[in-house]
Amino acid sequence: MAGRQAPPRPSPGGRLRVYGRRRTGRPTRLTAVGTGVAAVLATLGVAAVDRLLFDDLGWLFGLGYLVVCFQLAVRVRYADLLAAPISGPIAFAAALLALAPVGSPGATAQVVGLATGLALRAGWLFTGTGLAALIVLARFVAQRRIHRSR
């Protein structure tokens, strides 16, 4: 019998168990640290693709940032809801620092480049942050109502 695996057995709910775990369909929830890491990595990835394709950070970076903010706000744990609207702008600034073109070398040029990038892309920044804040607020209110009804 060595080397043979038993076929998957139905669980009491009628679902098949695969590798001892039952699939529930709930999305994976992110912690506050996981939200920050995911925000930075995803935003840097989108910025790198935009920089590679169009040689600047433009509309692809902005749309990618909106998608990242939406996903963060939807996937963060209830206990860490405030991390979603906070980590998005930090990731946005990190992507600008890392990938926005700067005219001359030096720390002053980096600061001026960051300030210029934030000013020129303020619409994307405020839209993404506002979207995340609205989703987090809606989740908070819904969870409070569910908790009160019990």
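Residues numbered from 1 in each chain as written. Predicted model: local features only at pLDDT ≥ 70, side-chain atom pairs only at ≥ 80, totals over all residues. Heavy atoms only, no water.

1. Quick word on the pattern of salt bridges
- Inspection of every chain in the model, using the stated rule, returns three salt bridges.
- Here Arg51 and Asp55 are joined by a salt bridge, their closest N and O atoms 4.0 Å apart.
- With relative accessibility at 26%, the residue Arg51 sits in the partly exposed group.
- Asp55 gets classed as exposed once you look at its relative accessible area, which sits at 56%.
- Between Asp56 and Arg121 there is a salt bridge, with its nearest N and O atoms 3.7 Å apart. Of this pair, Asp56 sits in the loop between helix H1 (32-54) and helix H2 (59-75) while Arg121 is found in the loop between helix H4 (107-120) and helix H5 (122-149), placing the two residues 65 residues apart along the sequence.
- Its relative accessible area of 35% is what places Asp56 among the partly exposed residues. (Salt bridge = Lys/Arg side-chain N within 4 Å of Asp/Glu carboxyl O. Buried < 20%, exposed > 50% of the residue type's maximum accessible area, 1.4 Å probe, protein only. Helix = DSSP H or I, 4+ residues; strand = E, 2+ residues; numbered from the N terminus.)

2. Here's the deal with H2
- For H2, spanning 17 residues, the distance from its first C-alpha to its last is 24 Å, which sits close to the expected 24 Å at 1.5 Å a residue.
- Those residues of H2 that are buried lie in contact with H1, helix H3 (83-99) and H5. (Expected span 1.5 Å × (residues − 1). Contact = heavy atoms within 4.5 Å.)

No statement about biological role is implied by the geometric values presented.
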